[in-house]
Structure formats: C-alpha cells, structure tokens
There are 2 protein chains.
Amino acid sequence: MLPIAVDAEGGDLAPGEIVAGAAQAAAELGVPVVLVGRPEVVTETHGLELIPCTEVIDMHEEGARAVRRKKDSSLVVAAELVRDGKAAAMVSAGNTGATVASALLRFGRISGVSRPAIATPIPVPGSTPTVLLDAGANADVQPAWLVQFAQMGSAFATTRYGIERPRVGLLNIGEEDTKGNELAKEAHALLKGTPGIHFIGNVEGRDVLSDEVDVVVTDGFTGNVTLKTLEGAMRFLSGKVFEALVSSEEAKKASEVLLPMLLPLAEELDPESTGGAMALGLDGVCIISHGSSKAKAIVNAVKNGCDLYNADIVKRLAEAVAAG
Amino acid sequence: MLPIAVDAEGGDLAPGEIVAGAAQAAAELGVPVVLVGRPEVVTETHGLELIPCTEVIDMHEEGARAVRRKKDSSLVVAAELVRDGKAAAMVSAGNTGATVASALLRFGRISGVSRPAIATPIPVPGSTPTVLLDAGANADVQPAWLVQFAQMGSAFATTRYGIERPRVGLLNIGEEDTKGNELAKEAHALLKGTPGIHFIGNVEGRDVLSDEVDVVVTDGFTGNVTLKTLEGAMRFLSGKVFEALVSSEEAKKASEVLLPMLLPLAEELDPESTGGAMALGLDGVCIISHGSSKAKAIVNAVKNGCDLYNADIVKRLAEAVAAG
C-alpha cells in the first residue's frame, strides 16, 4: 500500500518523538511510513525514508498565509505527496491552521463541500468517542455549513467507529428548539429538515462526555473553546487527584490499591490514544495530532490515517454530502 | 437592614430545600429573609414571612415573555420588592432567563449599560475564583458590550474578592491578537484601547481554572457552553474517581486515607459553595443560584446578596462603566 507521510517537524517534541513514533508504527503495524523534514534537522530517521524540504511553518504563523509563502515546507510537501498519489495520508502534530490550509490548498475540497471541518474524537470511557466538529477550522460559520458538518461527522463516526446511525446533536445552551444564538437557531431548523442524518436536537457542554450523543456539531470557535475547556478540566482534576495520591507515605500505600483502577481510566482519556483529529471535507486524508504528541500519539495517528484511507473515507464523506 | 427576597418556588428542589436554606441563612447569619411564593405550595415557612403571589414561571418558559405574562409570579414579585426598596436583593434558583428578565424589566439598567451580563464565579482551589461573564444572558452580543462586561466584571471581582487590579482575559481560541472569530477580533482591539481595566489579552478554555486570570469575558453563548462543559467534566471525572474509591473492600479501606485529602478539593469546587452568580448592569442586586441548589447554596447566595448590597455593588458597577 501507499505510505503515510509524517511531518517530522510538526509538534512541540519534533523531530525526536515524531520520528520515533513513525518508526514504531512502521515496525509494529507494518504500515509503510515516509518522513518529511529538513535533512539538517531530522538527522535520525530510524531507517525511514526522508523526503527532504527546506522550510518549516512554525506554531504561531497564520495558516493560509504561511502555506502560500513557504511552498517547500514540510507540511506543504507532505500534502503534495498525498495529492500526487504518493502517500495515503498525511499526519502532523504541527500548526493546526497551517495543516488544514496545506491540505485544503493542495488536495482541494470534496465537490459540494463549503468548508472543511476538524473532527476531534472525545474519549468517552466505556463507550465510543463523541466526534466534535468543527474543532477549530472555521471561527465564523454559516448555518448551512453546520448541516454539512453533521453529514460528514456522521459518515466519519460510521466509518471510524462502526456506529450505524450516529446520533447528531447541535451544541447549544439549552434543550429547547428555540434556545441559542442566531446561528444555533437557524442551524437547528436546517438540521431538523435534513434527511439522511439522525438529528436528536440540542445538546449541552456536559453531554459531550456522555454516551447520549455520537456527533456534536458547532462552529469552530465554540468547538475549540469546548475542547480546550474539557482538556483543561481533565488535566486540572486528574493532577489534583494524583497529587493527593503521592502526598504522604500513607497515601502512597493506599494508592497502590487505587492506581490500578484509575490508570485504565487515565489511559482511556489520554489524547495520545485517540489517533488524532481529521480534517473532513478535503479530497485526501489529513490527520492532525495534538501539539504535545509523543511517539505513542504518532503511532496511533499513523494507524488511524491508514485505516481511514483503507475504508475509503473520502468517498464516504462525498456520498454523505451529496445525499443531503 | 433590608431583607433578602428569596424566590421560594425557583429551583429543582423548591420549595423544600430553598425554604430550608433561607431559614438557615436567617438563623445562622442573622440576615433578614422574606420568601416569595404561592401560599398553597409554600406551606412550610420555618417562621419566615411569606410574600404571597399567585403564579410561578417554570424552567422551560422563555424569560422575557413569561415575565410579561405572569405579572404576579414569584420572580416578578421578588424583583418588585427590590425595585420598591423593600428588599436588598433577590435570590432565585429558578429559570435563569426569567430571573434576569424580571430583574431587567423591574429594576431597569444602570445608566449607560447596553446589556446586563451574568457573572459566574468559577472556583479555583488555592486562589480566588475566576469570574466568567457573560455566562448566558446574551446569546448574541456586539463587541462593545464585551468592553462593558470587562468593566463590570472587574468591579465585581474587586468588590467581591478584594482583587485590586483584576486581570481581564478575552476567551478566545489562541493567544495571538489576530486569533478568533470576528467578534473576538473586534472585541480584542476595543479591550486593548480601554483605560481603567487591566486587559491581559486572549485566554483559552483551559485558563479558566488557573490563577492566571481573574475575569474572563465572552459572549453569553460561548460562556454558557464553557460553564456547562466545565461542570460536566468535573462531575464526570469526580464521579469516576469516587466510583473507584468504593469499588472493593480494599479500595474502601485505601480511600479512608485519601478521602480526607480529596474532600476539601470537592468542597472547594462545589457549586453550592460559590454563593451563586450575579446579573451585572441592573439597578439592583439579583443573585442567581444554580437549578439544583440545595439549602447550602441558598444560604451562601443569601449571604452573597447581602454582602454585595452592603458593598454598594450597583454604585461600583455604575462607576466602572461611566469611567470607561
């Protein structure tokens, strides 16, 4: 099969952890992987092929502008490998805006799609993840775009998690149909009248972590704030709990009993385990791993990109949007 | 001093827990309290005076419309007691939209204030709470309103928590000045040019629980989603931890050591402890307690309403807005 193109220069821990993860994926999963990066920076490749480039887009550059200026950056070269049929998917833990922009400008959109959206799986222990979109590609949206997010998010949930008829909720500030800002009210009415999706109505921030909904649609501003709030709350509270567990010799002893129960939960909630987010609506597979990705996150992202490519995700997304 | 008017019919646990909390506040804090409710429903008053009304606004009614239609509802009568100088503050755990609407329509706005905003304190263990506003009064806002939210939020943080020069952050999806949706970008520019507030720039969802910021301003849609996401995440994770603590005899024994460390944290994060939110920008004190308030939440809300009235919060808010 085609290799997965990994941006060796994207992420807080690049290139070390990124290359290590890519190599581990190749060795353990048997998935072919190529790296993209500057040879003078990515000096250790663990035997993987390095597609050379001369530039890198850093975390604080504005996405679309950076992609237009840095035509030989690792992100743009990775996107071109996918566009040219030389890679099955691209994976990056770098600048999210630039990752989406490079994929958008090089792959192009699926016919009929207004805007790409970032679909981020939120782990729900004991159940399939909740797919949240848009998690940040479009800060300002139009109501009709949310309908496409719902269609694409449903196809993604079915393809990735095998959920037959994913329940779609609109992120809002109350359950009643009439609640919300103008965007949410208009989107609610449109979603209600869209065939082919299983719209269950408004959901609230607390429902994202529940098994009551499979796909949560919202604008990229609210989605991104929600995601970071969730991550912050989880990190805060788990930090406090683990602080208590090591606060004294007595506590440490007690924690020997409790840790085996808490660690599987921490593992399930760990963003390293989700396989990353996907930019939906583009004519190719683009996997976005979180900025602080370690090797494990890259292994899972490579696997995820490979699985989604093999499941013909782009075709399924195109069908979902065309059916609406 | 003037009594605090408690809506005996507002909240999931009304009237039982509400009246119990009001009575406890009167007894333990020495604060005069009057109840407002239908005599046939509020049959047990624990010796408190009951101001009778004939109607109640339920949780699912649209706020402003309900206030216009139900002129003899407990919320409207409570608001009129404040307006007429017969009560220092109103407290309700009922329909939030209707609570703000009754206060808005009966008290009126502070001169120069465009819109009232709900200021909700988010507990930050080991530090003063972060004041989040707007937590839900205005689903759609204009950038200039956020400037007033910043001014009022600052005055509130100073009055309530003694923070001398509160750090104000704009809730956004990145730290850079140019990030965000159109609203956030315009609000950022306006906040930067506003004298009298200590604007520290953009903050993200994860910062709300930190001690890096004192006042977080946003529109009422994003604010409400953020608040409910936080509450949901906290409830989810603490539920899982306490589940582990009682999962076996061995775990229960271990938890005897750990609970004394975790319970103070749970107590600090408990929404029953915050004293409730306040609707800022109105010509009177209106305290909003959460829907599932028990007696303890009402005790704290009564105390909070009393303290804010005594600190002349309305005058301080008016000065903050006039100074801008």
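What you see is a predicted model, and the numbers here were worked out from it, not measured in a lab.

**Points about the overall build of chain A**
Point 1. Tallying secondary structure elements over chain A gives ten helices and eleven strands in all.
Point 2. Once the C-alpha set of chain A is aligned to its principal axes, its extents read approximately 60 × 60 × 35 Å.
Point 3. Long-range pairs, those at least 24 residues apart, make up 68% of the contacts in chain A between residues at least 6 apart in sequence.
Point 4. For chain A, the exposed area adds up to about 12,500 Å²; of that, 50% sits on carbon and sulfur atoms.

**Quick notes on the interface of chain A and chain B**
Point 1. Across the contact, 46 residues belong to chain A and 46 residues belong to chain B.
Point 2. Where chain A abuts chain B, roughly 4,300 Å² becomes buried across the two surfaces, and 74% of that area is made up of carbon and sulfur atoms.
Point 3. For the interface between chain A and chain B, the tally reads two salt bridges.
Point 4. Here A:E204 makes a salt bridge to B:K228, at a shortest N to O gap of 2.3 Å.
Point 5. For the pair chain A and chain B, the interface holds nine residue pairs in polar contact (both at pLDDT 80 or more).
Point 6. Elements that contribute at least two residues to the side of chain A that touches chain B include exactly α6 (182-192), α7 (220-245) and α8 (249-269) of chain A.

**As for the pattern of salt bridges**
Residues and elements named next belong to chain B.
Point 1. Across all of its chains, the model carries 29 salt bridges over all chains by this definition.
Point 2. We note a salt bridge from E267 to K296, for which the minimum N-O separation is 3.2 Å. Placement of the pair is E267 in helix α8 (residues 249-269) and K296 in helix α9 (residues 295-310), with a sequence separation of 29 residues.
Point 3. For K303, the salt bridge identified is with D307, shortest N-O distance 2.9 Å. Within this pair, K303 and its partner D307 are both found in helix α9, separated by four residues, close to a single helical turn.

**Focus on the packing of helix α3 (residues 74-83) of chain B against helix α4 (residues 96-107) of chain B**
All names here are of chain B.
Point 1. Following both chains from N to C, one finds α3 and α4 inclined at 40°, their axes separated by 9 Å at the closest point. Between α3 and α4 lies a crossing whose hand is right-handed. Facing L75, V76, A79, E80, V82 and R83 of α3, the residues of α4 in contact are A98, T99, S102, A103, R106 and F107.
Point 2. In terms of residue class, the contact of α3 with α4 is built from seven nonpolar, two polar and three charged.

**Observations regarding the sheet that holds strand β11 (residues 285-288) of chain A**
Residue and element names in this part refer to chain A.
Point 1. The sheet built from eleven strands is open, its strands ordered β3-β2-β1-β4-β11-β10-β5-β6-β9-β7-β8 with mixed pairing. What marks the edges here is a single partner per strand, and that holds for β3 (49-52) and β8 (198-203). Each strand axis lies, on average, 30° off the axis of its neighbour in the sheet, ignoring direction.
Point 2. Set on the sheet, α7 makes contact with β5 (117-122), β6 (130-133) and β7 (167-171); between it and β5 the angle comes to about 25°.

**What to know about the relation of the copies chain A and chain B**
Point 1. After a rotation of 180° and a shift along the axis of 0.0 Å, chain A superposes on chain B with an RMSD of 0.0 Å. On this basis, the relationship between the two copies can be described by a two-fold rotation axis. For chain A, the residue whose C-alpha comes nearest the rotation axis is A:A254, separated from it by 2.2 Å.
Point 2. The residues that chain A uses at the interface reappear at the interface of chain B in 100% of cases, marking a shared surface.

**With respect to the packing of helix α5 (residues 143-161) of chain A against α6(A)**
Residues and elements named next belong to chain A.
Point 1. The N-to-C vectors of α5 and α6 enclose an angle of 50°; their axes lie 8 Å apart at closest approach. Between α5 and α6, the crossing angle belongs to the class labelled oblique. Where α5 crosses over α6, the handedness of that crossing is right-handed. Contacts between α5 and α6 involve P143, A144, L146, V147 and A150 on the former and, on the latter, L183, E186, A187, L190 and L191.
Point 2. Here the residues of the contact of α5 with α6 are counted per class, giving nine nonpolar, no polar and one charged.

**Let's talk about the side chain of A:S255**
Point 1. Tracing the backbone through its elements, the reader meets A:S255 in helix α8.
Point 2. Leaving out residues up to four positions away in the same chain, A:S255 has contacts with A:L245 and A:P260.

**Quick notes on the nonpolar core**
Point 1. Of all hydrophobic cores here, the largest spans 216 residues; its most connected members are A:V6 and B:V6.
Point 2. Not counting residues up to four positions away in its chain, the partners in contact with A:V6 are A:I18, A:A22, A:V33, A:V34, A:L35, A:V36, A:V91, A:I298 and A:V302.
Point 3. Ranked by size, the runner-up nonpolar core spans 16 residues in total, among them A:L262, B:L245, B:A254 and B:L258.

**Thoughts on the confidence of the model for chain A**
Point 1. Looking at chain A, the pLDDT average stands at 95 and 100% of residues meet or exceed 70.
Point 2. Scored as a complex, the prediction yields pTM 0.95 and ipTM 0.94.

The rules behind the values
- Residues numbered from 1 in each chain as written.
- Chains lettered and ligands numbered in written order.
- Predicted model: local features only at pLDDT ≥ 70, side-chain atom pairs only at ≥ 80, totals over all residues.
- Heavy atoms only, no water.
- Helix = DSSP H or I, 4+ residues; strand = E, 2+ residues; numbered from the N terminus.
- Contact = heavy atoms within 4.5 Å.
- Areas by Shrake-Rupley, 256 points an atom, 1.4 Å probe, with all protein chains shown as cover.
- Buried area = accessible area lost by both parts, 1.4 Å probe.
- Salt bridge = Lys/Arg side-chain N within 4 Å of Asp/Glu carboxyl O.
- Polar contact = N/O pair within 3.5 Å; in protein donor to acceptor, adjacent residues only side chain to side chain.
- Axes fitted to C-alpha atoms, helices over the stretch in contact; angles between N-to-C directions.
- Left-handed = near helix turned anticlockwise from the far one by under 90°.
- Nonpolar A, V, L, I, M, F, W, Y, C, P; charged D, E, K, R; others polar.
- Pairing = 2+ DSSP bridges.
- Least-squares fit on C-alpha atoms with pLDDT ≥ 70 in both.
- Parallel < 35°, antiparallel > 145°, perpendicular 65-115°, else oblique.
- Core = buried A, V, L, I, M, F, W, Y, C linked by side-chain atoms within 4.5 Å.
- Buried < 20%, exposed > 50% of the residue type's maximum accessible area, 1.4 Å probe, protein only.
- pLDDT = per-residue confidence, 0-100.

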